[in-house]
Amino acid sequence: TQVVSLSGVFLINRLSVLLISIGLIFICVKRFSFIQSTKGKKTKPVELLTETEVTPLYKTVTTNHNIIAQIKAIFSFAKIDLIYIFKSIPFVITVLALLFAQAMELYGVIEKGIRVPQNYASSGLMLSTIIQTFHGLCMIAVLYYAHEIFWRSKSVNFSLIENSTPNSQIAFFAKWLSLAIVIFLFSLLMVFEGIAFQLIFRYPHIDWVTYLELFLVCTIPLILLGGLILLIQKVTNQKYIGLGVTALFTLLMATTVGKAFLSFP
């Protein structure tokens, strides 16, 4: 119910702070200048150019819109997306999660009820285990990265510049290419992990043809799924509605849940 009286030492303290503040502001206003100081610097004399030495500031250039220019534009867009993906923390977390989950499955299937496990760590066993686990995990990653790279330009308001270029329509294919490269790298990572388990369990007979089936069974369908997710995002043109529609589409078309509604999802 009471306040400190503005008198005595308290009044002196407040007046001192106020005077010091006013003095600092006064010094700043007087000494600040938008013009860069040139004291102590030697300035070179300006050389006057003759009319024959003066070059135009602007000149016209020809632009190319052929197939070669479009291919270069696709790779340019894809390079930007891949740099963004590879330098992000979610990519590192995704790689570690895939490696850890797959390692647990591979170790479990090798040790399951076998007296001498290293005699049975074949390429076929590794591949069948990878197919069962990798498809579902990578599908979640594809859904995340497809949504992330599609809306990245609009999130940072760069789409206004991007859409003004002649090659803006092919940005969709560049995003699909970026997604395909990420899926391919994830698949390659799983193959190397399977080979590593074979070597750890002293089964050096590596069947490369068997491992190539992973790209046929998992990688190509995931790349196709990524293209369809990007297409749905483009058609809906709404960030969160598109995410919901693509998540539902993925659940029905790329998982065992879809078999309850469709004979061949």
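Residues numbered from 1 in each chain as written. Predicted model: local features only at pLDDT ≥ 70, side-chain atom pairs only at ≥ 80, totals over all residues. Heavy atoms only, no water.

A word on the packing of helix α4 (residues 123-155) against helix α6 (residues 171-200)
(1) Moving on: Running from N to C, α4 and α6 cross one another at 155°; their axes reach a closest spacing of 9 Å. The angle between the axes of α4 and α6 places the two elements in the roughly antiparallel class. The interaxial crossing formed by α4 with α6 has right-handed handedness. Where α4 approaches α6, its residues S123, M126, I130, F134, C138, A141, V142, Y145, A146, I149, F150 and S153 are matched on the opposing element by K175, S178, L179, I183, F186, S187, M190, G194, F197 and Q198.
(2) Moving on: Along the lines of polarity and charge, the residues of the contact of α4 with α6 split into 15 nonpolar, six polar and one charged. (Axes fitted to C-alpha atoms, helices over the stretch in contact; angles between N-to-C directions. Helix = DSSP H or I, 4+ residues; strand = E, 2+ residues; numbered from the N terminus. Parallel < 35°, antiparallel > 145°, perpendicular 65-115°, else oblique. Left-handed = near helix turned anticlockwise from the far one by under 90°. Contact = heavy atoms within 4.5 Å. Nonpolar A, V, L, I, M, F, W, Y, C, P; charged D, E, K, R; others polar.)

Description of helix α2 (residues 67-86)
For an α-helix the count is 3.6 residues per turn, leaving residues at separations of three or four pointing the same way.
(1) Moving on: For α2, with 20 residues, the first-to-last C-alpha span of 28 Å sits near the 28 Å given by 1.5 Å per residue.
(2) Moving on: Within α2 the residues assigned to the buried category are A69, A73, I74, F77, A78, D81, L82 and I85.
(3) Moving on: As for α2, its buried residues are in contact with α3 (89-111), α4, α5 (159-162) and α6. (Expected span 1.5 Å × (residues − 1). Buried < 20%, exposed > 50% of the residue type's maximum accessible area, 1.4 Å probe, protein only.)

Observations regarding the packing of α3 against α6
A packed helix pair is summarised by two numbers, namely the angle formed by the two axes and the spacing between the axes.
(1) Moving on: Running from N to C, α3 and α6 point in directions that differ by 35°, and their axes come no closer than 10 Å. Judged by the sense of rotation from one axis to the other, the crossing of α3 with α6 is right-handed. In contact with F91, T94, V95, L98, L99, Q102, A103, L106, Y107 and I110 of α3, α6 contributes F186, L189, M190, E193, G194 and F197.
(2) Moving on: Of the residues belonging to the contact of α3 with α6, the class tally is twelve nonpolar, three polar and one charged.

Some words on unusual backbone geometry
(1) Moving on: Despite not being glycine, R202 has its phi angle at roughly 55°, a positive value.
(2) Moving on: Looking at the secondary structure, you find R202 in the loop between α6 and α7 (208-236).
(3) Moving on: Judged by its relative accessible area of 72%, R202 falls in the exposed class.
(4) Moving on: In the Ramachandran plot, N237 falls in the positive-phi region, its phi being about 60° despite a non-glycine side chain.

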